[in-house]
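Single-letter residue listing:
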Amino acid sequence: MKDNNVVVMKSKAFALRIIKLYQMLNQQHEHIMSKQMLRSGTSIGANVKEAIRGQSRADFFSKLNIALKEASETEYWLELLYESGYINNEAAYQSIYSDCQELISILVAITKAQNQSTL
């Protein structure tokens, strides 16, 4: 997996969107959920980058599985922030939520390939 790979580029672009959302939520004085979202949302790309430099195939897939877990956690925080009213722009929410789900789908597809090869 190269640095210009789709999942690398999408996870970095997503992290940048998460940072901007965090900054906006901080202005609304929401600090707890937004901090969790920031941590997990930026961790996706960090783990994808670590996977690229994995020492083995098992290490590669281990890091991608962590990225998938972080993406799922981010999805949860986005849902909570929206349902609690902190994210109150429906279109903005749907856009970032859709990006998160797309990352989850990509990571599921990659990790599923690993799971099938070990059966």
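All values reported here derive from a predicted model rather than from experimental measurement.

Reading the values: the criteria
Residues numbered from 1 in each chain as written. Predicted model: local features only at pLDDT ≥ 70, side-chain atom pairs only at ≥ 80, totals over all residues. Heavy atoms only, no water. Helix = DSSP H or I, 4+ residues; strand = E, 2+ residues; numbered from the N terminus. Expected span 1.5 Å × (residues − 1). Buried < 20%, exposed > 50% of the residue type's maximum accessible area, 1.4 Å probe, protein only. Arc of directions from axis to C-beta. Polar contact = N/O pair within 3.5 Å; in protein donor to acceptor, adjacent residues only side chain to side chain. Core = buried A, V, L, I, M, F, W, Y, C linked by side-chain atoms within 4.5 Å. Contact = heavy atoms within 4.5 Å. Phe/Tyr/Trp six-rings, centres within 6.5 Å; stacked < 30°, edge-to-face > 60°. Salt bridge = Lys/Arg side-chain N within 4 Å of Asp/Glu carboxyl O.

**A few points about helix 1 (residues 6-27)**
And then number 1: The terminal C-alpha atoms of helix 1 lie 32 Å apart, and with 22 residues this matches the ideal 32 Å at 1.5 Å per residue to within 8%.
And then number 2: Val-7, Val-8, Ser-11, Phe-14, Ala-15, Ile-18, Leu-21, Tyr-22 and Leu-25 are the residues of helix 1 that are buried. Here the buried residues of helix 1 occupy an arc of 145 degrees about the axis, which is enough to place them on one side. In helix 1, those exposed residues whose orientation departs by more than 90 degrees from the buried face are Lys-12, Lys-20 and Gln-27.
And then number 3: The residue sitting at the N-terminus of helix 1 and contributing the capping side-chain oxygen is Asn-5; that oxygen lies 2.9 Å from the backbone nitrogen of Val-7.
And then number 4: Directly beyond the C-terminal end of helix 1, a positive phi value near 65 degrees is found at His-29.

**Examining the side chain of Thr-111**
And then number 1: Along the polypeptide, Thr-111 turns up in helix 4 (residues 90-117).
And then number 2: The exposure class of Thr-111 is buried, given its relative accessible area of 4%.
And then number 3: Engagement of the side chain of Thr-111 in a polar contact is seen with the backbone oxygen of Leu-107, the distance being 2.8 Å.
And then number 4: Polar side-chain contacts of Thr-111 include one of 3.2 Å to the backbone oxygen of Val-108.

**Quick word on helix 3 (residues 57-83)**
And then number 1: Compared with an ideal rise of 1.5 Å per residue, which puts 27 residues at 39 Å, helix 3 spans 39 Å between its outermost C-alpha atoms and is within 8% of the ideal.
And then number 2: Buried within helix 3 we find Phe-60, Phe-61, Leu-64, Ala-67, Leu-68, Glu-70, Ala-71, Thr-74, Glu-75, Trp-77, Leu-78 and Leu-81.
And then number 3: Positioned one or two residues after helix 3, Gly-85 has a phi angle of 90 degrees, which is positive.

**Section: the nonpolar core**
And then number 1: Core analysis: the biggest nonpolar cluster contains 31 residues, and Phe-14, Met-37, Leu-78 and Leu-107 have the highest contact counts within it.
And then number 2: At 9 residues, the largest contribution of residues to this core is made by helix 3.
And then number 3: Aside from chain neighbours lying at most four places away, what touches Leu-107 is Val-7, Ile-44, Val-48, Leu-64, Ala-67, Leu-68 and Ala-71.

**Comments concerning the packing of aromatic side chains**
And then number 1: Counted under the stated rule, the structure contains 4 aromatic pairs.
And then number 2: Taking 5.3 Å as the distance between ring centres and 65 degrees as the angle between the ring planes, the aromatic pair formed by Tyr-76 and Trp-77 counts as edge-to-face.

**So, the pattern of salt bridges**
And then number 1: Using the criterion set out here, one finds 5 salt bridges in the structure.
And then number 2: Of the charged contacts, one joins Glu-102 and Lys-10 as a salt bridge, the two residues approaching to 3.1 Å between their closest N and O atoms. Of this pair, Glu-102 sits in helix 4 while Lys-10 sits in helix 1; the two residues are 92 residues apart in sequence, bridging distant segments of the chain.
And then number 3: The salt bridge partner of Arg-39 is Glu-70, with a shortest N-O separation of 3.2 Å. Remark: Glu-70 occurs in helix 3 and Arg-39 occurs in helix 2 (residues 32-52); sequence separation between them is 31 residues.

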